[in-house]
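If you want the building blocks of each chain, they are given just below.
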Amino acid sequence: MDNLEIAWVLSRIADYYEILGESAFRVNAYRRAAETVERLDRPVAEVLEDLPGVGKSIRAVIEELLTTGESQLLRSLEERVPGDLLRLLDVPGIGPRTIYRLYTELGLTTVEEVRAAAEAKKIRTLKGFGGKVEARILEGIRAMGKRRERVPLAEVYPLAQALVAQIRRIPGVLDAVVGGSIRRVEPTIGDIDIAVKTTTPEEVSERIVRLRGVREILARGEDALSFQYELLWPIRVDIRFFAPEIFGSGLVYFTGDKEHNIYLRRLAKGRGYHLSEWGFEREADPTDRILCPEEEDVYRVLDLFAPSPELRIGDTPFRPENRERISHLVRLEDIRGDLHMHTDYSDGGDTLEAMARAALARGYTYIAITDHSRSLKVAGGLSLERLREQGEEIRRLEERLSEEAGRPFVILRGAEVDILPDGSLDYEDEVLRELDLVVASVHTHFQQSREEITARIVRAARHPFVDIIGHPTGRVYGRRDAYALDVEALIAAAQESGVTLELNSHPYRLDLGPPHLALAQEHGVRIAINTDAHNVEGLEDMFFGVATARKAYVLRDTVINTWDFPRLWSYLRRNRGPSPYRGRQV
DNA sequence: GCCGTTTTCGGCCCGACTGTTTTCAGTCG
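Residues numbered from 1 in each chain as written. Chains lettered and ligands numbered in written order. Predicted model: local features only at pLDDT ≥ 70, side-chain atom pairs only at ≥ 80, totals over all residues. Heavy atoms only, no water.

1. Looking at the UniProt feature "domain: Polymerase/histidinol phosphatase N-terminal" (unreviewed entry) in chain A
Selection criterion: UniProt positions are given in the numbering used here, feature names are shortened, and annotations may be inferred rather than shown by experiment. Strands here mean DSSP runs of E at least two residues long; helices mean DSSP runs of H or I at least four residues long; both are numbered from the N terminus.
In the numbering used here, UniProt assigns the "domain: Polymerase/histidinol phosphatase N-terminal" (unreviewed entry) feature to residues 337-421. Helix makes up 38% of residues 337-421 and strand 21%, whereas the separation of the span's terminal C-alpha atoms amounts to 31 Å.

2. Details of the protein's contact with DNA strand B
The condition is simple: Here, proximity means that at least one heavy atom of the residue falls within 4 Å of the molecule or strand. Pairs of N or O atoms within 3.5 Å make up the polar contacts considered here, provided that, within protein, one atom can donate a hydrogen while the other can accept it, and that residues adjacent in sequence are counted only when both atoms are side-chain atoms.
Of all residues adjacent to DNA strand B, which total 44 residues, the nearest are Arg26, Gly55, Thr98, Gly130 and Arg265. The sugar-phosphate backbone supplies 78% of the atoms of DNA strand B found within 4 Å of the protein. A distance of 3.5 Å is found between a phosphate oxygen of DNA strand B and a backbone nitrogen or oxygen belonging to glycine 131. Within the backbone of aspartate 223, one N or O atom sits 2.9 Å away from a phosphate oxygen of DNA strand B.

3. Section: the packing of aromatic side chains
What counts, and what does not: Two rings from Phe, Tyr or Trp (for Trp, the six-membered ring) form a pair when their centres sit within 6.5 Å of each other. Planes less than 30 degrees apart are called stacked, planes more than 60 degrees apart edge-to-face, and all others tilted. Think of it as a cone above the ring: NZ of Lys or CZ of Arg counts as a charge over the ring if it is within 6 Å of the ring centre and within 35 degrees of the ring normal.
The final tally for this structure, using the stated rule, is 15 aromatic pairs. Ring centres of phenylalanine 446 and tyrosine 483 lie 5.8 Å apart, and the angle between their planes is 5 degrees; this geometry places the pair in the stacked category. Note that phenylalanine 446 is positioned in the loop between β14 (437-441) and α19 (450-462) and tyrosine 483 in the loop between β15 (468-469) and α20 (487-497), a separation of 37 residues in sequence. Members of the aromatic cluster, connected to one another through ring pairs, are Tyr263, Tyr299, Phe305 and Phe318. The positively charged end of arginine 567 is found above the aromatic ring belonging to tryptophan 563, 3.9 Å away from the centroid.

4. Describing empty space enclosed by the protein
We apply this condition: For each structure, a 1 Å grid was placed over the protein atoms alone; sets of points admitting a 1.4 Å probe that cannot get out are labelled cavities, open sets with protein on both sides within 12 Å along at least five of seven lines are labelled pockets, and lining residues have an atom within 4 Å of a point. Grid points are joined across faces, edges and corners, and a volume is the space filled by probe spheres set on the points.
In the structure shown here, the tally under the stated rule is one cavity of 30 Å³ or more. As for the largest cavity, its lining consists of Ser249, Val252, Tyr253, Asn261, Leu264, Arg265, Leu275 and Ser276. Within the residue set of the lining of the largest cavity, elements represented by two or more residues are α12 (247-255), α13 (258-270) and β8 (273-276).

5. Description of the environment of glycine 83
Applicable threshold: The cut-offs for exposure are 20% and 50% of the maximum accessible area for each residue type, with area from a 1.4 Å probe on protein chains only; residues under the lower value are buried, those over the upper are exposed, and the others partly exposed. Should any heavy atoms of two residues lie within 4.5 Å, those residues are considered in contact.
For glycine 83, the location among the structural elements is in the loop between α5 (72-80) and α6 (96-106). Owing to a relative accessible area of 54%, glycine 83 belongs among the exposed residues under this scheme. C-alpha separation for the pair glycine 83 and glutamate 112, spaced 29 residues apart in sequence, amounts to 10.0 Å. Other than its neighbours up to four places away in sequence, glycine 83 contacts Thr109 and Thr110.

6. Thoughts on the domain arrangement of chain A
Note on interface size: it is often stated as the accessible area lost on association of the parts. Applicable threshold: These domain boundaries are the output of an automatic or database domain assignment. Here's the idea: put two parts together, see how much 1.4 Å probe accessible area each one loses, and the total over both is what we call buried area. Here, a salt bridge means any side-chain nitrogen of Lys or Arg that lies within 4 Å of a carboxyl oxygen of Asp or Glu.
For chain A, the assigned domains read domain 1 (3-143), domain 2 (151-242), domain 3 (247-324) and domain 4 (332-572). Its C-alpha centre places domain 2 at a distance of 35 Å from the equivalent point of domain 4. Facing the 10 residues of domain 2 at the interface are nine residues of domain 4. Buried surface at the junction of domain 2 and domain 4, summed over both partners, amounts to about 850 Å²; 76% is from carbon and sulfur atoms. Of all residues in domain 2, the largest losses of buried area upon contact with domain 4 belong to Ala154, Val185 and Pro187, amounting jointly to 51% of the total for that side. Taken together, domain 2 and domain 4 are joined by one salt bridge. Here lysine 551 ties to glutamate 186 by a salt bridge, and the two come within 3.2 Å at their closest N and O atoms. Joining domain 2 to domain 4, the criterion identifies three residue pairs in polar contact (both at pLDDT 80 or more).

7. Overview of the packing of α19 against α20
Note the threshold: In this description, a line fitted to the C-alpha atoms serves as the axis of each element, helices being fitted only across the stretch in contact, and the angle between N-to-C directions of two axes falls anywhere from 0 to 180 degrees. The scheme is simple: roughly parallel for angles under 35 degrees, roughly antiparallel for over 145, roughly perpendicular for 65 to 115, oblique for anything else. Each crossing gets its handedness from the near helix: less than a right angle anticlockwise from the far helix is left-handed, clockwise is right-handed. Three categories are distinguished: nonpolar for Ala, Val, Leu, Ile, Met, Phe, Trp, Tyr, Cys and Pro, charged for Asp, Glu, Lys and Arg, and polar for the others, with Gly belonging to the last.
Where α19 contacts α20, the axes come no closer than 9 Å and their chain directions differ by 15 degrees. On the basis of the axis angle, α19 is roughly parallel to α20. Our pair here, α19 against α20, has a crossing hand that is right-handed. Residues Thr454, Ile457, Val458, Ala461 and Arg462 of α19 pack against Ala489, Leu490, Ala493, Glu496 and Ser497 of α20. Class assignment for the residues of the contact of α19 with α20 results in six nonpolar, two polar and two charged.

Structure follows, in structure tokens:
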């Protein structure tokens, strides 16, 4: 049983306990344990003894799951709450207490029975329930299964930026910032959170609800506004209004994550303060307030540094082992080049020159052009002849741009070479040796067994002329699961062969993800943060990749495209010998 | 259920909004 399955059982137990009216603290304990297990970067069995928030009882459940694959506790809970009532938890506005009352007071045990009872107007007979609750239940059941769950960051990000830009233009808006999981650069997003700085929330709110795309208003008060937003597809938007003097505490609160907020509030409490989005209040004397116009103010009161948003996961940035490393983490401004991009030679949308100029404008000192190899016909893979042609154009362009820029600008002649189903590569060794840089990636036969695909990619990782394994797991958020690859085996192979693993920055991919990145770094494996850009705009995705690396506490020095060119070059020549085209100094 | 240089018992983060009431529980984030 893997970590995800165990986490699922724990959160299931929490759901049952919640419906049964168990202590909220017990429910919370299971829920937190589930999250802890889900986030682990190694099998739970290895670290079960010292898992924070996992004590005797929950440990026993996990041990039982590990040995028998089942949980007696879960089974007995399933008997106590028969049917499929748990599914109602997914209905917005329906929570555990409502489900509990439907079960105990009306004897309903299935979603179908609940629907029938709502249609027969029986639910409104319960004390405190009216027609609106009934309507909400019916609407929720109707929408079940059709509802989209979390959406890939790639799809939400531009939408959120456009929306916040519109809000900024509304009179009375002093500032507006996207918060929540988007600001934390999480790979999937549940809703769009926006913190608005204003002294006139009512007027601003009135203007926001008239924006194009605003559908159903879900909640609207003095300080908050929620609505369904729909341009191409629907997503919930939550907006909070904060006065300038509390915008810092408001933005901290609205950025999260939830565990991070709880940690900060507990810390405040230990110092006799009550912390909320309104700022600090001394518990002994509520009139004694500390206002926080900036986020840094909140952290300063607690004697903490303000972690960048992507690091705000529970208390992790403040743990001693991370705290020391934090100033050495890779930053966007450390990136000196991009080692994976496409041009219109294959399936890119922009020319070689446009891509190179855009990279130069970003301040890069080197890039690698890595169009697809010949067998990938759907992506216009390059024949040997086209590859050679491109190489010549690259040489001329490099010279011209370096001259124009008045500084060296290196364009590496690379390729993204297909790893064929048997693990061999799509160009002959002589061709690979002549290239400056080879990214090897899987683009076909995703469905191979774990053994097959692991052997396939490991074989490529051991090839002397492969420099980078591109998007190693192949996962594409919202579209495709990872290959069945044994990533740990790949990391072990990379440790041996010295090949670099890619962190593909495209927000649909973010592959490798943080747990694997951390594991790779721990084993001394190098990482390349690349955009895999298919047009000029794609180069901007580097931001997502760097944030993802930071979540894994990847250090600057682990990332080969933070190195200066001589160091990178000697790495690239490690198995190829001297280059016939390029001296050591550039 | 978990946890402890304030505690092995007694706490456990906090507030906005809705619906149905008339002071609050439930839900959500």
